[in-house]
Amino acid sequence: EDQVTQSPEALRLQEGESSSLNCSYTVSGLRGLFWYRQDPGKGPEFLFTLYSAGEEKEKERLKATLTKKESFLHITAPKPEDSATYLCAAQNTGTASKLTFGTGTRLQVTL
Amino acid sequence: SQTIHQWPATLVQPVGSPLSLECTVEGTSNPNLYWYRQAAGRGLQLLFYSVGIGQISSEVPQNLSASRPQDRQFILSSKKLLLSDSGFYLCAWSQGRGAFQPQHFGDGTRLSIL
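Residues numbered from 1 in each chain as written. Chains lettered and ligands numbered in written order. Predicted model: local features only at pLDDT ≥ 70, side-chain atom pairs only at ≥ 80, totals over all residues. Heavy atoms only, no water.

Draft legend 1. Local environment of the pattern of salt bridges. Residue and element names in this part refer to chain A. Using the criterion set out here, one finds 8 salt bridges over all chains in the structure. E56 is paired through a salt bridge with K63; the nearest N and O atoms lie 3.9 Å apart. By relative accessible area, K63 is classed as partly exposed at 26%. (Salt bridge = Lys/Arg side-chain N within 4 Å of Asp/Glu carboxyl O. Buried < 20%, exposed > 50% of the residue type's maximum accessible area, 1.4 Å probe, protein only.)

Written as structure tokens, this is what we have:
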């Protein structure tokens, strides 16, 4: 059975304090690793797709990386507007692009 | 550009009442469509997915059903709601052709069963 585990569950940072979120996965044949941002009461918003170990993607203060067992979401010099829950999801071989989600990391960035 | 609409945003229903949640996608054709439930402290649980009109796959046994009467319309239903059906329901779509496509989510329906 596919599994995705995210850590930490919650993270509190001061503005400008860089850190990383972890996503460990066990998937029978990884096709893609996805990162999403979710604000309270909203649906997840797509951020990145990573396809192979060693790949990196960047968007503003966020950078996602992938190894054969983990993915990291690095947040550089965060701002309060980066506060959200960050979800990762793994897609295995199979039909319909089904995803297995982790439970997320709840990030709070304070002034 | 593609957009996805879900309604209603919030819903309060008594136990034993029926349910119908609707989701529509605009700006694309033949999408894959998905229904998820998100419970506090748990990941998104896939309930149903559809790769075409009338084609529904169920991921977990439950009190709910899904239908896809049109290419870009996905409906989640129940004949009699249970207390355990409370939760945050999310609809999503992805490109139907080609793998590795991300799913894009609507803003969800918060369902409370009394």
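Past the structure itself, the notes keep going.
Draft legend 2. Expanded view of the sheet that holds strand β7 (residues 65-70) of chain B. Residues and elements named next belong to chain B. The 4 strands are arranged β1-β3-β8-β7 in an open sheet whose pairing can be described as antiparallel. The sheet is open, and its two edges are formed by β1 (3-7) and β7, each paired on a single side. Adjacent strand axes in the sheet meet at a mean angle of 20° when their direction is disregarded. In this structure, β7 lies alongside strand β8 (residues 73-78), joined through 4 bridges in antiparallel fashion. Bridged to S65 within β8 is S77. (Pairing = 2+ DSSP bridges. Helix = DSSP H or I, 4+ residues; strand = E, 2+ residues; numbered from the N terminus. Axes fitted to C-alpha atoms, helices over the stretch in contact; angles between N-to-C directions.)

Draft legend 3. Local environment of the confidence of the model for chain B. Chain-level pLDDT for chain B is 92 on average; 97% of the residues reach the 70-or-more range. Taken element by element, chain B is modelled with least confidence in strand β6 (residues 55-58) of chain B, mean pLDDT 92, and with most confidence in β8(B), mean pLDDT 97. (pLDDT = per-residue confidence, 0-100.)

Draft legend 4. Broad picture of the state of the cysteines. Taken as a whole and assessed by the stated rule, the structure comprises 2 disulfides over all chains. The disulfide partner of C23(A) is C88(A), and the gap between their sulfur atoms is 1.9 Å. Because the sign of the S-S torsion sets the handedness, a value of about 75° for the bond joining C23(A) and C88(A) places this disulfide among the right-handed ones. In this pair, C23(A) is assigned in strand β3 (residues 19-26) and C88(A) in strand β9 (residues 84-92), connecting sequence segments 65 residues apart. In this pair, the class of C23(A) matches that of C88(A), namely buried. C23(B) shares a disulfide with C91(B); S-S distance 2.0 Å. Here C23(B) and C91(B) share a disulfide; its torsion about the S-S bond, -75°, makes the bridge left-handed. With a gap of 68 residues between them, C23(B) in strand β3 (residues 19-26) and C91(B) in strand β9 (residues 87-94) connect regions that are remote in the sequence. (Disulfide = S-S within 2.5 Å.)

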